[in-house]
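Structural overview
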Amino acid sequence: RQLKENAETERAEEDRKRQWKKVVQETENQTQSKEEYDALRNMLWEEELEAKQKEVEKVAIKRRLQQKEDMMRENKAQIAAKREMLTKMEQEERELVNRMLQKFAQDEEDERRKE
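What counts, and where the lines are drawn
- Residues numbered from 1 in each chain as written.
- Predicted model: local features only at pLDDT ≥ 70, side-chain atom pairs only at ≥ 80, totals over all residues.
- Heavy atoms only, no water.
- Helix = DSSP H or I, 4+ residues; strand = E, 2+ residues; numbered from the N terminus.
- Buried < 20%, exposed > 50% of the residue type's maximum accessible area, 1.4 Å probe, protein only.
- Areas by Shrake-Rupley, 256 points an atom, 1.4 Å probe, with all protein chains shown as cover.
- Lys, Arg positive; Asp, Glu negative; His and termini not counted.
- Charge placed at Lys NZ, Arg CZ, Asp CG, Glu CD.
- Salt bridge = Lys/Arg side-chain N within 4 Å of Asp/Glu carboxyl O.
- Patch = residues over 30% accessible without salt bridge, like charges linked within 9 Å, V, L, I, M, F, W, Y side chains within 5 Å.

1. Topic: the overall build of the protein chain
- Counting secondary structure elements, the protein chain contains 1 helix and 0 strands.
- Taken over the C-alpha atoms alone, the protein chain extends approximately 170 × 10 × 5 Å along its principal axes.
- Here the protein chain, with 115 residues, has 2% of them falling under the buried criterion.
- Accessible area for the protein chain stands at about 11,800 Å²; split by element, carbon and sulfur atoms hold 54% of it.
- Between the centroid of the 28 positive side chains of the protein chain and the centroid of its 31 negative side chains there is a distance of 3 Å.

2. Some points on the pattern of salt bridges
- Scanning the entire structure with this criterion turns up 10 salt bridges.
- Among the salt bridges present, the one from E13 reaches R16, with a minimum N-O distance of 2.6 Å. With E13 and R16 both in helix α1 (residues 2-114) and 3 residues apart, the pair spans about one turn of that helix.
- By relative accessible area, which is 33% here, E13 ends up partly exposed.
- Since its relative accessible area comes to 47%, R16 is described here as partly exposed.

3. Quick word on a nonpolar patch on the surface
- A grouping of L96, V97, M100, L101 and F104 is seen on the molecular surface, where their side chains present a nonpolar patch of about 470 Å² in accessible area.
- Assignment of secondary structure puts L101 in helix α1.

4. Side note on the environment of M100
- The topology assignment puts M100 in helix α1.
- Judged by its relative accessible area of 40%, M100 is partly exposed.
- Separated by 70 residues in the primary sequence, M100 and Q30 place their C-alpha atoms 103 Å from one another.

Structural data, given as structure tokens:
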């Protein structure tokens, strides 16, 4: 009878140890799962952050290129306008010189007629 009680006690003790080991293992598994989840979440967060930074960079580069193109277009327009203005001024100057030459020629003709 003592042996039977000892055997039952040992069996109960072993059963408790087994259950304790099972609880410990489940806790470790949950901890490991949580750590894996946290690691995955952090990786995802880093990837999203990196993607946002790349998009911001891409937009900034595109904006700089657009500004450069706009500036070059405006510069060409200014050069064209300046050329047009110079051409117009040269034409007006030629017309003025021609009128003055005609006036001098007319004045000389008038002076010759008076004499």
